[in-house]
Amino acid sequence: MGAEPTGGPALPQERRLVTAIPGSRSTALSARRATAVSRAVSTMLPIFIERAGGGVLVDVDGNSLIDFGSGIAVVSVGNAADEVVAGVRDQVGQFTHTCFMVTPYEGYVAVCEELTRLTPGDHEKRSALFNSGAEAVENAVKISRSFTGRQAVIAFDHAYHGRTNLTMALTAKNMPYKHRFGPFAPEIYRMPMAYPYRWPTGPENCGPEAAAEVITAIDKQVGTENVACVLIEPIQGEGGFVVPGEGFLPALAEYCRENGIVFAADEVQTGFARTGAWFACEHEGVTPDLIATAKGIAGGLPLAAVTGRAEIMDSVHVGGLGGTYGGNPVSCAAALGAIRTIEDQDLVGAAQRIESIMLPRLRELQQRQAAVGDVRGRGAMLAVEVVTRGSKTPDPVMTQAVAHACHQAGLVVLTCGTFGNVLRFLPPLVIPEHLLSEGLDILDEAFDTVAARPAGDQVATANA
Ligand SMILES: Cc1ncc(COP(=O)(O)O)c(C=O)c1O
């Protein structure tokens, strides 16, 4: 082991393919996996990872792939980032768990202090820590209901909030997240999303028109006075990286403020520098009452939080929030390391630089490829929506085929979207520029290759 490179930022920052993807060791592990792991837990790219860091994932066959996924927007500071590893090592040698509800420890308090400092707004705030994004969202709903004494929750088309019973109900898409898993939690009302590319009267009208439509629908169908919270992702994640039409979020926040409704932002995917701001709500100057965070908060360890106005957070009865592992000390140490890394390495600026490199390249791609209907996103949360030539009809088959071609060439990209036709890009914010450019070259080539194939071949490849 000693002479081999470890993971983390010390790994050679190069794409290196030494076998087919997947290689023989990954294939053998996949066979083992099939006999032990439920097939319900799916895998997009069956290469087994041995090390990772900076902008690369290295598999058990020795292939080094460019990472445009960050483990779904988690390792924004890079895998095995120095400060995260150091914090975890220190903490794990001291104690691993006491349960904050039994005997507290400083790390939990320090993370909550950082959340107060970093989240939008200079009002008095409090936080509570949890394990996963879904758990944070559930708690945001519980807190909103307790504070308002109301039950209705407003969610949106294309929303994704998790896989627990309540968050499945909040999530829009049936397959694969909800199918056959009902009954779902009641008192959730779904409203249209301000989706500029698909807004009937054009993207320029989307924000104000959608806000007016939503507010009328809430008032008429739910009753404003029955609404506990409006829950929204400031940029939708799994639903297709939909950046709401300009003005939509501020209008909803204003409506909530005027009517005693909690405006709750799900920043699980968008938070912690991902979009070129600490939190995506900042792009439109919106200050949420509650904000749910997870993913990028702790550099790869499981941690989540709800942060919000002190009067809302403290309105819940003593003992009403918590959980055995919520705010685990090792995860808190990791979070403090991740936050220091974001600040010391100016990863907010890095996300902005990634946007300035990637967006023009993706727009060029759109000019050349009729299948690229829309290019969107902010910071290092960017996507292309794939459609059939000359229309806005979603083309999930081509999307899968392009993703597959990227994987074969050593670039990890993810897909998403209600219609399965969005390629999304979430590189670690520490990715070196040469890997970013090389990844974009691979994407260009993948589109060229797939576009040149007859349609039948695309299906065969996508299902391979
Ligand atoms: C916006 C958003 N909310 C909630 C979740 C659920 O987070 P977790 O998978 O940690 O439960 C996700 C996960 O992708 C997400 O993107």
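Residues numbered from 1 in each chain as written. Predicted model: local features only at pLDDT ≥ 70, side-chain atom pairs only at ≥ 80, totals over all residues. Heavy atoms only, no water.

Engineer: For this particular structure, what's the right way to read the overall build of the protein?
Structural biologist: Scanning the protein for helices and strands turns up 14 helices and 15 strands. Relative to a compact globule of 464 residues, whose C-alpha radius of gyration would be 23 Å, the protein shows 22 Å and is just as compact. Taken across its 464 residues, the protein has 54% of its residues classed as buried. The long-range fraction of contacts in the protein, counting pairs at least 24 apart against all pairs at least 6 apart in sequence, stands at 74%. In the structure as shown, the protein presents an accessible area of about 19000 Å², 52% of it carried by carbon and sulfur atoms. A distance of 6 Å separates the average location of the 36 positive side-chain charges in the protein from that of its 50 negative side-chain charges. (Helix = DSSP H or I, 4+ residues; strand = E, 2+ residues; numbered from the N terminus. Rg over C-alpha atoms; globule rule 2.2 N^0.38 Å. Buried < 20%, exposed > 50% of the residue type's maximum accessible area, 1.4 Å probe, protein only. Contact = heavy atoms within 4.5 Å. Areas by Shrake-Rupley, 256 points an atom, 1.4 Å probe, with all protein chains shown as cover. Lys, Arg positive; Asp, Glu negative; His and termini not counted. Charge placed at Lys NZ, Arg CZ, Asp CG, Glu CD.)

Engineer: Could you clarify how one ought to interpret the environment of R257 in this entry?
Structural biologist: On the secondary structure map, R257 appears in helix α8 (residues 248–258). Overall, the relative accessible area of 56% leaves R257 in the exposed class. Along the chain, R257 and D289 lie 32 residues apart, while their C-alpha atoms are 9.1 Å from each other.

Engineer: Looking at this structure, how should I read the nonpolar core?
Structural biologist: Side chains of a nonpolar character, in soluble globular proteins, are inclined to be buried together. Counting 94 residues, the largest nonpolar core has L423, F425 and F447 as its most contacted members. Beyond its immediate chain neighbours, meaning those up to four positions away, F447 contacts L365, Q369, V372, V384, V386, M398, V402 and L423. If you look at the next biggest cluster of nonpolar residues, it comprises 32 residues, including F156, I232, V242 and I261. (Core = buried A, V, L, I, M, F, W, Y, C linked by side-chain atoms within 4.5 Å.)

Engineer: Could you clarify how one ought to interpret the sheet that holds strand β5 (residues 152–156) in this entry?
Structural biologist: The strands making up a sheet associate through hydrogen bonds between their backbones, and the pairing can be parallel or antiparallel. Within the open sheet, the seven strands sit side by side as β4-β10-β9-β8-β7-β5-β6. Their pairing is mixed. On the outer flanks of this sheet lie β4 (125–130) and β6 (188–191), each paired with one strand and no other. Recorded for the sheet is a direction-independent mean angle of 20° between the axes of neighbouring strands. Pairing geometry for strand β7 (residues 227–232) and strand β8 (residues 262–266), over four bridges, is parallel. (Pairing = 2+ DSSP bridges. Axes fitted to C-alpha atoms, helices over the stretch in contact; angles between N-to-C directions.)

Engineer: How should I be thinking about the pattern of salt bridges in this particular structure?
Structural biologist: Two side chains of opposite charge can pair, provided their charged atoms sit close to one another. Inspection of every chain in the model, using the stated rule, returns 18 salt bridges. E343 is the partner of R117 in a salt bridge, and the nearest nitrogen-oxygen pair spans 3.0 Å. Highlighted residues: R117 in helix α4 (residues 106–118) and E343 in helix α10 (residues 329–344), separated in sequence by 226 residues. Overall, R117 belongs to the partly exposed group, its relative accessible area being 45%. (Salt bridge = Lys/Arg side-chain N within 4 Å of Asp/Glu carboxyl O.)

Engineer: What is the right way to look at the layout of surface pockets in this model?
Structural biologist: Where empty space is left in the structure can be found by rolling a water-sized probe over the atoms. By volume, the second largest pocket amounts to about 430 Å³. As for the second largest pocket, its lining consists of 19 residues, of which Y108, S127, A128, G319 and L321 are closest to the centre. Counting residues per element, the lining of the second largest pocket draws most heavily on β4, at five residues. When the residues that make up the lining of the second largest pocket are grouped by side-chain class, the tally is 10 nonpolar, seven polar and two charged. (1 Å grid on protein atoms, 1.4 Å probe; cavity = no way out; pocket = protein on both sides within 12 Å on 5 of 7 lines; lining within 4 Å. Points joined across faces, edges and corners; volume = space filled by probe spheres on them. Nonpolar A, V, L, I, M, F, W, Y, C, P; charged D, E, K, R; others polar.)

Engineer: Even after reading the chapter, I still don't get the site of the ligand, so can you show me in this structure?
Structural biologist: Around the ligand sit S132, G133, A134, Y160, H161, G162, E233, E238, D266, V268, Q269 and K295, and those are all the residues in its vicinity. Between an oxygen atom of the ligand and a side-chain N or O atom of Q269, the distance comes to 2.8 Å. At 3.1 Å from an oxygen atom of the ligand is found a side-chain nitrogen or oxygen belonging to K295. Class assignment for the residues of the shell around the ligand results in three nonpolar, five polar and four charged. (Near = heavy atom within 4 Å. Polar contact = N/O pair within 3.5 Å; in protein donor to acceptor, adjacent residues only side chain to side chain.)

Engineer: Just checking my understanding: could you explain the environment of Q236 for this structure?
Structural biologist: Relative to the helices and strands, Q236 is located in the loop between β7 and α8. Here the alpha-carbon distance between Q236 and A159, two residues 77 residues apart in the chain, equals 6.5 Å. If near-sequence neighbours (up to four positions away) are discounted, Q236 is found in contact with F156, D157, H158, A159, M193, F241, V242 and M381. In terms of polar contacts, Q236 uses its side chain to reach the backbone carbonyl oxygen of D157, at 2.9 Å.

Engineer: What's the story with the sheet that holds strand β15 (residues 422–425) in this structure? I'm lost.
Structural biologist: Sheet architecture is open: four strands sit in the order β11-β12-β15-β14, paired in antiparallel fashion. Whereas interior strands pair on both sides, the edge strands pair on one side only; in this sheet they are β11 (372–378) and β14 (414–416). Strand after strand, the sheet turns through a mean of 25° between neighbouring axes, direction not considered. Here β14 pairs with β15 via three bridges, running antiparallel. Bridged to L414 within β15 is R424. Here helix α12 (residues 396–408) sits on the sheet and contacts β12 (381–386), β14 and β15; the angle it forms with β15, its principal contact strand, is near 35°. Where helix α13 (residues 433–452) meets the sheet, it contacts β11, β12 and β15, and its direction lies at approximately 165° from that of β15.

Function cannot be read off these values alone, since they describe shape.
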